[in-house]
Amino acid sequence: MIHILYGDITKFEGDVIVNAANRSLLGGGGVDGAIHYAAGPQLLEECKTLGGCDPGDAKITKGYNLKAKYIIHTVGPIWRGGKSGEEDILESCYRRCLELARQYGLQSIAFPNISTGAYGFPQDKAAKIAIDTVKKDLQKNGELEVYFYCFDPNNYQIYSDLLT
Ligand code: ADP
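In every chain, residue numbers begin from 1 and rise along the written sequence. A pLDDT threshold of at least 70 governs which residues receive local features in this predicted model, and a stricter bar of 80 or more applies before side-chain atom pairs are shown or counted, although totals over entire chains, interfaces and linings include all residues. To obtain the side-chain values, all non-hydrogen atoms of the structure were included, while hydrogens and water were left out.

**Q** Kindly report on helix α4 (residues 123–141), identifying the contributing residues and their values.
**A** Here α4 spans 26 Å end to end across 19 residues, near enough to the 27 Å set by a 1.5 Å rise per residue. Between buried and exposed lies partly exposed: a residue is buried under 20% and exposed over 50% of the maximum accessible area for its type, with that area taken using a 1.4 Å probe on protein chains only. To qualify as a helix, a DSSP run of H or I must reach at least 4 residues; to qualify as a strand, a run of E must reach at least 2; elements of each kind are numbered from the N terminus. Turning to α4, its buried residues are Q123, A126, A127, I129, A130, I131, T133, V134, D137 and L138. Buried residues along α4 sit against β1 (2–6), α3 (86–103), β5 (108–111), β6 (145–150) and α5 (153–163). One or two residues past the end of α4 sits G142, with phi positive at roughly 105°. For a helix, the expected span equals 1.5 Å multiplied by the number of residues minus one. Working rule for contacts: check all heavy atoms of both residues, and any pair within 4.5 Å makes them a contact.

**Q** Give a detailed account of the environment of F12, specifying residues and quantitative values.
**A** Positionally, F12 belongs in the loop between β1 and β2 (16–21). Given the relative accessible area of 5%, F12 is considered buried. In this structure, the C-alpha to C-alpha distance between F12 and L100, residues 88 residues apart in sequence, is 18 Å. Ignoring anything within four residues of it in the chain, the contact list for F12 reads I17, K67, A68, S108, I109, A110, Y147 and Y149.

**Q** Outline the packing of aromatic side chains, listing residues and values.
**A** Working definition: a ring pair exists when centres of Phe, Tyr or Trp rings (six-membered ring for Trp) sit within 6.5 Å. Plane angles under 30 degrees give stacked, over 60 give edge-to-face, the rest tilted. Taken as a whole and judged by the stated rule, the model has 9 aromatic pairs. Linked through ring pairs, Y94, F111, F148 and Y159 together constitute an aromatic cluster.

**Q** With reference to specific residues and values, describe the pairing of strand β4 (residues 70–75).
**A** Summarising burial for β4: 5 of the 6 residues are buried, a large majority. Paired strands, in this sense, are two strands between which DSSP finds at least two bridges. Here β2 pairs with β4 via 6 bridges, running parallel. In the sheet register, V18 faces β4, and the bridge partner there is I72.

**Q** Tell me about unusual backbone geometry, residues and numbers included.
**A** For L25, which is not glycine, the phi torsion reads 60° and is therefore positive. With respect to the helices and strands, L25 occurs in the loop between β2 and α1 (30–39). Residue classification places L25 among the buried positions, given a relative accessible area of 2%. The phi dihedral of Y64 falls on the positive side, at around 50°, and the residue is not glycine. Mapped onto the elements of the fold, Y64 is located in the loop between β3 (58–62) and β4. Residue classification places Y64 among the partly exposed positions, given a relative accessible area of 24%.

**Q** Now, about the site of the ligand: what can you tell me, with residues and values included?
**A** Note on terminology: near, applied to a residue and a molecule or strand, indicates that one of the residue's heavy atoms is within 4 Å of it. The environment of the ligand is formed by 16 residues, the closest being D8, V31, T116, G117 and A118. The term polar contact refers here to a pair of N or O atoms within 3.5 Å; inside protein, the definition further demands a hydrogen-donor-capable atom paired with an acceptor-capable atom, and it admits residues adjacent in sequence only when both atoms are side-chain atoms. One nitrogen or oxygen atom from the main chain of A118 is found 2.8 Å from an oxygen atom belonging to the ligand. Notes on the ligand: free accessible area 560 Å², of which the protein chains cover 90%. Element by element, the count of residues in the shell around the ligand is highest for α1, at 3 residues. Shrake-Rupley sampling with a 1.4 Å probe provides the accessible areas, and residues are treated as covered by the protein chains on show and by no other component.

**Q** Describe the environment of H73, listing the residues and the values that go with them.
**A** By the secondary structure assignment, H73 is in strand β4. The class of H73 is buried, set by a relative accessible area of 1%. Along the backbone, H73 and R23 are 50 residues apart, and their C-alpha atoms lie at a distance of 9.6 Å. Setting aside its immediate chain neighbours within four residues, H73 contacts N19, A21, L25, L43, C47, C53, D57, A58, K59 and T61. At a separation of 3.2 Å, a polar atom in the side chain of H73 contacts the side chain of N19.

Worth remembering: the numbers are spatial, not functional.
Here you go:
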């Protein structure tokens, strides 16, 4: 099942939230900053042991002070005009996050709109990739509860239009 929510992903009360991190995994602005702030300083300590993360890949940590038990950190593509593999990398982010969630036996996962903030990926294209990739995965690998957390009204509108 796919759900759309409007608001702050750090408030999610399910199994795992996804962080749109950068390659260092050592924190940043946007949703990354909000997640580190809400999870507390132990998150950074665990992230320091992970050795960073490549774009399109994902790594999991505990959720610490969050209600969610885990955080999956993924690194989205920086938009450079669309001819640098950005779409494939974004698709890979969603696939890898779902794969990790399944490996850990998790049943509910919340995604932010990866790469559509500081990384500049066009929101409508990103939403289509996110939804198509998740739908394909659920069909192939079995149902999970997937929540798209939209933090800005424009993204919320785009997801609503694509999913209803
Ligand atoms: P990126 O570098 O991947 O673009 P950003 O954090 O800049 O990451 O933005 C990704 C998306 O996360 C944007 O759509 C932004 O509106 C959203 N966002 C920012 N803060 C939050 C939050 N607390 N909860 C959910 N989404 C958020």
